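Working through the structure, step by step
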Amino acid sequence: MKKLTGNINVCVFISGRGSNLKELIKYSKKNNTNWKVKLVISNKKEAKGLVYAKKNKIFNYAIVKKMPQFEKKALNYLKKNKINLLCLAGFIKILSKEFIQKCKFKIINIHPSLLPKYKGLNTHERAIKAGDKYSGSTVHYVTAKLDSGKKIIQTKVKVLKADNPSSLAKRVLKAEHSIYPKAIDIVCEK
Ligand code: GRF
């Protein structure tokens, strides 16, 4: 895939906590990256990530609408803010093929499993149930097929004997915080 060059305006779609969003903002500031989080959109008003965006003076909107109204409104904000890269971080809605086609820029997502294993929900529970030695997280390009686009970066996390889905989720999340910014660095040439 062709890399992005120049100054990249990033938009992050969230639905809740927004810990990955927070790390992206922190990383880009600290490392003076050629990409900056310019816009944050949530489909939930109460998403904590919106508060963090506000604190950092990043344009932020809650679009509490069903599809396709959500996508229509989001597309307007993306255009208005000249976004060149869309990052999904804990965004629970599934984007339509039409929306993906209309976005003339790349869309990437972070998924808490070692894709192609465990697409969809309850990934940690499924990894533990299967007796997997490792779980982890993957940043990948978004296509119309759920959690199936080309892999950008992946990190492995050991599954411990005593793990339950929430203890494993905690360690995987920590690992996600370090790979997501790196994935954007890979997509955006320095
Ligand atoms: C992450 O584990 C991510 O992989 C998944 O949702 C979680 C989002 O966490 N898609 P946060 O909102 O970034 O804290």
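The paragraphs below set out a description of the structure included in this document. (Residues numbered from 1 in each chain as written. Predicted model: local features only at pLDDT ≥ 70, side-chain atom pairs only at ≥ 80, totals over all residues. Heavy atoms only, no water.)

A few points about the site of the ligand
Quick note on the threshold: Any residue with a non-hydrogen atom lying within 4 Å of a molecule or strand is treated as near it. N or O atoms closer than or at 3.5 Å make up a polar contact, with two conditions inside protein: a donor-capable atom paired with an acceptor-capable one, and, for residues adjacent in sequence, both atoms drawn from side chains. Surface accessibility in these figures is a Shrake-Rupley result with a 1.4 Å probe; residues are shielded only by whichever protein chains are displayed.
With respect to spatial proximity, the complete set of residues near the ligand consists of Arg-17, Gly-18, Ser-19, Asn-20, Gly-90, Ile-110, His-111, Pro-112, Leu-173 and Glu-176. In this structure, Gly-18 approaches the ligand through a main-chain N or O atom, which is 2.9 Å from an oxygen atom. One nitrogen or oxygen atom from the side chain of Ser-19 is found 2.5 Å from an oxygen atom belonging to the ligand. Relative to its unbound accessible surface of 370 Å², the ligand loses 83% to contact with the protein.

Quick word on empty space enclosed by the protein
Rules: Both cavities and pockets are sets of points on a 1 Å grid over the protein atoms alone; in a cavity a 1.4 Å probe fits but cannot get out, in a pocket the set is open with protein on both sides within 12 Å along at least five of seven lines, and lining residues sit with an atom within 4 Å of a point. Grid points are joined across faces, edges and corners, and a volume is the space filled by probe spheres set on the points. Helix numbers and strand numbers start at the N terminus; a helix is a DSSP run of H or I with at least 4 residues, a strand a run of E with at least 2.
Counted according to the given criterion, the structure contains one cavity of 30 Å³ or more. Considering only enclosed or pocket space, the largest cavity measures out at about 30 Å³ in volume. What lines the largest cavity is simply Ser-113, Leu-114, Tyr-118, Thr-123, Ala-127, Asp-132, Tyr-134 and Ser-135. Broken down by secondary-structure element, the contributors of at least two residues to the lining of the largest cavity are α5 (123–129) and β6 (134–141).

Topic: the pattern of salt bridges
To keep things clear, this is the line we draw: Any carboxyl oxygen of Asp or Glu within 4 Å of a side-chain nitrogen of Lys or Arg constitutes a salt bridge here.
Evaluated as defined, the whole model comprises three salt bridges. Residue Lys-26 is joined to Glu-23 by a salt bridge in which the shortest nitrogen-to-oxygen separation is 3.4 Å. In this pair, Lys-26 and Glu-23 are both assigned in helix α1 (residues 19–30), three residues apart and thus about one turn of the helix distant. The shortest N-O distance in the salt bridge between Arg-171 and Asp-163 comes to 2.7 Å.

Quick look at the sheet that holds strand β4 (residues 85–88)
Stated precisely, the cut-off is as follows: Strands qualify as paired when DSSP identifies two bridges or more between them. To obtain an axis, a line is fitted to C-alpha atoms, over the contacting stretch when the element is a helix, and the angle between two such axes runs from 0 to 180 degrees between their N-to-C directions. We call two residues contacting when some pair of their heavy atoms lies within 4.5 Å.
Strands sit in the order β3-β2-β1-β4-β5-β6-β7 across an open sheet of seven strands; the sheet is mixed. Every interior strand has two partners, whereas the edge strands, β3 (59–62) and β7 (151–158), have only one. Direction aside, neighbouring strands of the sheet carry axes that sit 20 degrees apart on average. Two elements, strand β2 (residues 35–42) and β3, share four bridges in a ladder whose sense is parallel. Across the sheet, Val-40 pairs through a bridge with Asn-60, a residue of β3. Contacts from helix α2 (residues 48–55) reach β1 (8–14), β2 and β3 within the one sheet, and its direction differs from that of β3 by about 155 degrees.

Details of a positive patch on the surface
Quick note on the threshold: Candidate patch residues must exceed 30% relative accessible area and have no salt bridge, after which like charges are joined if within 9 Å and Val, Leu, Ile, Met, Phe, Trp or Tyr side chains if within 5 Å. Under the counting rule used here, the positive set is Lys and Arg, the negative set is Asp and Glu, and His together with the chain ends is not counted. Here the site of a charge means atom NZ of a Lys, CZ of an Arg, CG of an Asp or CD of a Glu. With a 1.4 Å probe rolled over the protein chains alone, any residue whose accessible area is under 20% of its type maximum counts as buried; one over 50% counts as exposed, and the rest are partly exposed.
A cluster of basic residues, Lys-72, Lys-79, Lys-102 and Lys-104, forms a positive patch on the protein surface. Lys-72 gets classed as exposed once you look at its relative accessible area, which sits at 63%.

Remarks on the environment of Lys-80
Position of Lys-80 among the secondary structure elements: in helix α3 (residues 69–80). Given the relative accessible area of 67%, Lys-80 is considered exposed.

Topic: the side chain of Ser-42
Looking at the element boundaries, Ser-42 is found in strand β2. Leave out the neighbours within four places in its chain, and Ser-42 touches Ile-14, Ser-15, Ala-47, Leu-50, Tyr-61, Ala-62, Ile-63 and Phe-70.

A short note on unusual backbone geometry
Here the residue pair Met-67 and Pro-68 is connected by a cis peptide bond, since its omega of 0 degrees sits within 30 degrees of zero. Structurally, Pro-68 is set in the loop between β3 and α3. The linkage connecting Leu-115 with the following residue, Pro-116, adopts the cis geometry, with an omega of 10 degrees. Summarising the element assignment, Pro-116 is placed in the loop between β5 (106–111) and α5. Look at Lys-82: it is not a glycine, yet its phi comes out positive at around 45 degrees.

Structural notes on the nonpolar core
Test applied: In this text, buried Ala, Val, Leu, Ile, Met, Phe, Trp, Tyr and Cys residues form a nonpolar core when linked through side-chain atoms within 4.5 Å.
Among the nonpolar cores identified, the biggest contains 31 residues, and Val-12, Val-37, Leu-85, Ile-108, Val-139, Tyr-180 and Ile-184 are the most heavily contacted of them. No other element matches the five residues that helix α6 (residues 165–187) contributes to this core. Contacts of Val-139, omitting those with residues within four sequence positions, involve Ile-108, Asn-109, Ile-110, Lys-151, Ile-152, Ile-153, Ile-179, Tyr-180 and Ala-183. Membership of the second largest hydrophobic core comes to 21 residues, among which are Phe-13, Leu-75, Ile-83 and Cys-103.

Keep in mind that these numbers describe shape and distance, not what the molecule does.
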